[in-house]
Protein chains: 2
Amino acid sequence: MADNGKDITIYDIAKKLDISAATVSRGLQDHPRVNKNTKKLIRKTAEEMGYHFNSFASNLRKKKSKVIGVIVPRLNSNFMSDVIAGIEKVVNNANYGLFISQSLETMQREISNADAMLNNRVEGLLVSLAYNTTDVDHFREFIRRKTPVIFFDRVTELENCPLIHIDNFKAAYEITLHLIDQGCKRIVHITGNLLRNVYKDRFDGYKKALEDRGIPFDDSLVIVNDLSAAAGTVAAQQILQMTPLPDGVFSSNDICAIACMLAVKQAGIKIPQQLAFAGFNNDPTCCVVEPNLTTVNYKGYEMGEVAAKMMINYLTDKDSVQPAHSVILRSELLVRESSLRK
Amino acid sequence: MADNGKDITIYDIAKKLDISAATVSRGLQDHPRVNKNTKKLIRKTAEEMGYHFNSFASNLRKKKSKVIGVIVPRLNSNFMSDVIAGIEKVVNNANYGLFISQSLETMQREISNADAMLNNRVEGLLVSLAYNTTDVDHFREFIRRKTPVIFFDRVTELENCPLIHIDNFKAAYEITLHLIDQGCKRIVHITGNLLRNVYKDRFDGYKKALEDRGIPFDDSLVIVNDLSAAAGTVAAQQILQMTPLPDGVFSSNDICAIACMLAVKQAGIKIPQQLAFAGFNNDPTCCVVEPNLTTVNYKGYEMGEVAAKMMINYLTDKDSVQPAHSVILRSELLVRESSLRK
DNA sequence: CTGTTAGCGCTTTCAT
DNA sequence: ATGAAAGCGCTAACAG
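Here the structure is a predicted model, which means the values were calculated and not measured.

Rules behind the numbers
- By convention here, each chain's residues receive numbers from 1 onward along its written sequence.
- Here every chain gets a letter starting at A, and every ligand a number starting at 1, in the order they are written.
- For this predicted model, a pLDDT threshold of at least 70 governs which residues receive local features, and a threshold of 80 or more governs which side-chain atom pairs are given and counted, while totals over whole chains, interfaces and linings are taken from all residues.
- Where side-chain values are given, they derive from all heavy atoms of the structure, hydrogens and water being excluded.
- Residue contacts are defined here by distance: any two heavy atoms, one from each residue, within 4.5 Å place the two residues in contact.
- As a working definition, buried area equals the accessible area (1.4 Å probe) given up by two parts on being put together, with both sides summed.
- Here a salt bridge means any side-chain nitrogen of Lys or Arg lying within 4 Å of a carboxyl oxygen belonging to Asp or Glu.
- Starting at the N terminus, helices and strands are each numbered in turn, a helix being any DSSP run of H or I of at least four residues and a strand any DSSP run of E of at least two.
- At least two DSSP bridges between two strands are required for those strands to pair.
- Axes here mean lines fitted to C-alpha atoms, for a helix over just the part in contact, with angles spanning 0 to 180 degrees between N-to-C directions.
- A 1.4 Å probe rolled over the protein chains alone gives each residue an accessible area, and that area as a share of the maximum for its type sets the label: buried under 20%, exposed over 50%, partly exposed in between.
- Each domain's extent is set by a domain assignment, obtained either automatically or from a database.
- Here the copies are matched by least squares. The fit uses the C-alpha atoms of residues with pLDDT of at least 70 in both.
- Near, as used in this document, describes a residue that has one of its heavy atoms within 4 Å of the molecule or strand being considered.
- Under the rule applied, a polar contact is a pair of N or O atoms within 3.5 Å (in protein, one hydrogen donor and one hydrogen acceptor; residues adjacent in sequence only if both atoms are side-chain atoms).
- When the sulfur atoms of two cysteines come within 2.5 Å, that pair is taken as a disulfide.
- Charged residues are taken to be Asp, Glu, Lys and Arg, nonpolar residues to be Ala, Val, Leu, Ile, Met, Phe, Trp, Tyr, Cys and Pro, and polar residues to be all remaining types, Gly included.
- Ring pairs shown here join Phe, Tyr and Trp side chains whose ring centres sit within 6.5 Å, with only the six-membered ring taken for Trp; geometry is labelled stacked below 30 degrees between planes, edge-to-face above 60, and tilted in between.
- Angle categories: roughly parallel below 35 degrees, roughly antiparallel above 145, roughly perpendicular from 65 to 115, and oblique for all the rest.
- The handedness criterion is simple: a crossing whose near helix is rotated anticlockwise from the far helix by less than a right angle is left-handed, and one whose near helix is rotated clockwise is right-handed.

Asker: Tell me what's going on with the interface of chain B and chain A, and back it up with residues and numbers.
Answerer: Contacts between chain B and chain A engage 54 residues on the former and 54 residues on the latter. With both sides pooled, the region where chain B packs onto chain A buries about 4500 Å², and carbon together with sulfur makes up 52% of that total. For the pair chain B and chain A, the interface holds eight salt bridges. Of the charged contacts, one joins D7 of chain B and R121 of chain A as a salt bridge, the two residues approaching to 2.7 Å between their closest N and O atoms. Among the elements of the structure, α4 (55–62), α5 (78–93), β2 (97–102), α6 (107–119), α7 (140–144) and α11 (254–266) of chain B are those that each provide at least two residues to the side of chain B that touches chain A.

Structure below.
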């Protein structure tokens, strides 16, 4: 910025060097057919004059933004901040910027966020759906514009958008089998909004495991809440009032499982002898709580990286118009003391 | 976007309605002196034609971006993701966008992030410094351009930039006094890079408390590391080898304190009887670990909100060229079992 | 209340 | 290897 308060432009540099703005533009972009010395001179002068590239002008002209949009339910969960960190690293290394917003779990805000992404002409959109999103028409305009949309974790089928997630059904199936193998026969399942694949699939995995082991599914053992710590504490009270007392709890996330476990423990229940526990996510807290919580390991950082790399590939290898392909990331059962009865 | 693959512009709308582009622009902006019906018609037509506002063109013309930049060391810590969530909410509600990047604790990346912020003409910048940033010249250009820069948490004096933080000295002083009052006489202090105010001030508070209680400061009781969980485990080994064994530990963050505590506990040390513990941040895990960790409550969400609101105020109340003012947020000592020996 | 016009700063043919 | 010129889409005087 010049001292008169105005931005230095390539024209200012051009005038000073008595060359054309076109050459300055090319020089700054390291265009092959610009004289090496001219380039060097342009860079030096730009630096000296305090020139700063104007992305708007460039974006307007080139009709692209070098920015990738991200819409997530909340930023402040251990899982999601890991995802974002992974995305940011990949995106930044590829010289793209990140435009981030949170839907705060409401579809209404998700829609307005999507609109802002459109106005800012993001070149790609990474989305994890809000708790109560019922339809995804607000993402169709991106598809019409051929702007890639990739869903991760909380996904949904939409045209040919790639989905990045784990096999929630299988992971839940395995963790439930594990509880059964430890001798549990009445297993409570705490879950979230079944509209979301992550909760629906885990619920289905739970039911399938019961079925495969010949345990009848009991509706009254299912608790639906928002999976927060507070909800976990409330769930503990519900569980304590069930007769007979259940002998296992599989919560669809760790935060809720841990709060619930602490509360029933407080009430004098022995864990895992009387009540075995299992969660989901492998939150760091699992290894702090006593007994350590059995869970499904499923790290966000990697998911963020994978989603972002896929996006960067789409945007970079213009040729590879490969059909959109979804990715199922690995997850693993981590057995810890909270469920070990043998 | 039209079906031919080109964006619909205000000119397309203007042509269709046989009015001028200026009127369309005004209508879309809800300009007062545009006929109500015309406005309604413009909106309806824009909607029908699939028009989407082009921020670049607008930004270029208006020389403003309606975007606020954020540079933080890492996105994936409980504290920082809370801060970001608070910022995002305020910024989004004020109809600004968020451009986020992480320095990954290096000054080099902080500099390149700052450069990207400049290119994208952010209207304001919120910064929490990287671990090893030694000078902040890379932010001077923003000041020259009168782009407000606000530091939070990990702050530094720079021109008149507002600083948002807590009284780290006082909080550390109080928590150390508390340990002393519980009978601790040899208190280990685990800290991070003393270049950063947060660690330096806490260290100073610790020393002052010792001094005020007539306990000589002992250099060999100070452990400097990166305050990660892994570092906490290592610190535990160092502590166990100290003779005589210390009787208290004050760690500059909770994550490190908890890892350390779990490790010494594992080694058979009784907490708090043999070794009392205190951390900093009030991470949710404090209430899960046994015994619960004494700490300083200091929530990020509020800090993010305060920083963002101040920024929005600067950007909105053009008149209030009030001198930059820093804010010291409240923090509170939370005494829990890990330090209660009486 | 509405239209005309001149850019914002950059990129990119098309020339030379 | 460099220049001239047009235009990306929007806004804000200014004029009426």
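Asker: Pulling in residues and values, what's your account of the sheet that holds strand β8 (residues 248–251) of chain B?
Answerer: Residue and element names in this part refer to chain B. Strand order in the open sheet formed by four strands is β7-β6-β8-β9, and the pairing between neighbours is parallel. Sheet topology places β7 (222–224) and β9 (276–278) at the edges, where each strand pairs with a single neighbour. Between one strand axis and the next, the sheet turns through 15° on average, direction left out of account. Sheet topology note: the strand β6 (residues 187–191)/β7 ladder contains three bridges and is parallel. Paired with T191 across the two strands is V224, which belongs to β7. Running over the sheet, helix α8 (residues 168–181) touches β6, β8 and β9 and is turned about 170° from β8. Those strands touched by α11 are β6, β8 and β9, and its axis lies near 160° from that of β9.

Asker: Which residues make up unusual backbone geometry, and what are the values?
Answerer: Following T243 of chain B, the chain continues into P244 of chain B via a peptide bond in cis, with omega recorded as -5°. Within the fold, P244 of chain B resides in the loop between α10 (229–240) and β8. A cis amide bond links E290 of chain B to the next residue, P291 of chain B, at an omega of -5°. Position of P291 of chain B relative to the elements: it lies in the loop between β9 and β10 (295–297). In this structure, E105 of chain A takes a positive phi of about 70° despite not being glycine. Considering the arrangement of structural elements, one finds E105 of chain A in the loop between β2 (97–102) and α6 (107–119). Looking at E105 of chain A, the relative accessible area reads 18%, which means it is buried. Although it is not a glycine, L104 of chain B sits at a positive phi angle of roughly 50°. Within the secondary structure layout, L104 of chain B lies in the loop between β2 and α6.

Asker: Residue-level account of the domain arrangement of chain A, with values.
Answerer: In terms of domain boundaries, chain A breaks down into domain 1 (10–53), domain 2 (67–166 + 300–330) and domain 3 (168–298 + 333–339). One C-alpha centre belongs to domain 1 of chain A, the other to domain 2 of chain A; they are set 37 Å apart.

Asker: Describe the relation of the copies chain B and chain A, naming the residues involved and giving the relevant values.
Answerer: Turning chain B through 180° and shifting it by 0.1 Å along the axis lays it on chain A, with an RMSD of 0.1 Å. Both chain copies can therefore be described as sitting about a two-fold axis. Both copies contact each other with a shared surface, as 100% of the interface residues of chain B are interface residues in chain A too.

Asker: For the pairing of strand β3 (residues 124–127) of chain B, give the residues involved together with the corresponding values.
Answerer: Residues and elements named next belong to chain B. Alternating positions in β3 separate into two faces, G124 and L126 on one and L125 and V127 on the other, with burial throughout. As paired strands, strand β1 (residues 67–72) and β3 are joined by four bridges and run parallel to one another. Within β3, the residue paired with I68 across the bridge is G124. Where β3 lies against strand β4 (residues 149–152), three bridges are found, and the strand directions are parallel. If you follow V127 over to β4, its bridge partner there is F151.

Asker: Describe the protein's contact with DNA strand D, naming the residues involved and giving the relevant values.
Answerer: The local shell around DNA strand D holds 27 residues, among which R26 and K63 of chain A together with S25, Y51 and R61 of chain B are the closest. Among all atoms of DNA strand D positioned within 4 Å of the protein, those belonging to sugar or phosphate total 60%. In the environment of DNA strand D, a phosphate oxygen lies 2.7 Å from a nitrogen or oxygen atom belonging to the side chain of T23 of chain A. Where the surface near DNA strand D is concerned, the elements lending two or more residues are α2 (21–28) and α4 (55–62) of chain A together with α1 (10–17), α2 (21–28) and α4 of chain B. No other element matches α4 of chain B, which puts four residues into the surface near DNA strand D.

Asker: Tell me about the state of the cysteines, residues and numbers included.
Answerer: Tallied over the entire structure, the rule returns zero disulfides over all chains. Note on C260 of chain A: no disulfide assigned, nearest cysteine sulfur contributed by C256 of chain A at a separation of 6.3 Å.

Asker: Hey, could you go over the protein's contact with DNA strand C for me, with residue numbers and the actual values?
Answerer: Around DNA strand C, the surrounding shell holds 26 residues, and the nearest of these are Y51 and R61 of chain A together with R26, R61 and K63 of chain B. I10 of chain A places a polar main-chain atom, nitrogen or oxygen, 2.7 Å from a phosphate oxygen of DNA strand C. Between DNA strand C and R26 of chain A there is a distance of 3.1 Å, counted from a base oxygen to a side-chain nitrogen or oxygen. Sorting the residues of the surface near DNA strand C by element identifies α1 (10–17), α2 and α4 of chain A together with α2 and α4 of chain B as the ones contributing at least two each. Ranked by residues supplied to the surface near DNA strand C, first place goes to α4 of chain A with four residues. Looking at the surface near DNA strand C residue by residue, the class counts come to 10 nonpolar, nine polar and seven charged.

Asker: Let's hear about the packing of aromatic side chains: which residues, and what values?
Answerer: Geometrically, a pair of aromatic rings is defined through the distance of the ring centres and the angle of the planes. For the structure shown, the criterion picks out 20 aromatic pairs over all chains. Aromatic pair F250 of chain A and F280 of chain A: ring centres 6.5 Å apart, planes at 35°, arrangement tilted. Residue F250 of chain A is found in strand β8 (residues 248–251), and its partner F280 of chain A is found in the loop between β9 (276–278) and β10 (295–297); the two are separated by 30 residues along the sequence. Neither F250 of chain A nor F280 of chain A differs from the other in exposure class; each is buried. Judged by centre distance (5.7 Å) and plane angle (80°), the ring pair of F139 of chain B and F151 of chain B falls under edge-to-face. Of this pair, F139 of chain B sits in the loop between β3 and α7 while F151 of chain B is found in strand β4, placing the two residues 12 residues apart along the sequence. Taken individually, F139 of chain B and F151 of chain B each receive the classification buried, so the pair is uniform in this respect.

Asker: Requested: an account of the packing of α8 of chain B against helix α9 (residues 197–212) of chain B, with residues and values cited.
Answerer: Residues and elements named next belong to chain B. The geometry of α8 relative to α9 is characterised by a closest axis approach of 7 Å and an angle of 40° between their N-to-C directions. One finds that α8 runs oblique with respect to α9. The hand of the α8/α9 crossing is right-handed. In this structure, α8 contributes N168, F169, A172, Y173, T176, L177 and I180 to the contact, and α9 contributes N197, V198, D201, R202, D204, G205, Y206, K208, A209, L210 and D212. A per-class count over the contact of α8 with α9 returns nine nonpolar, four polar and five charged.

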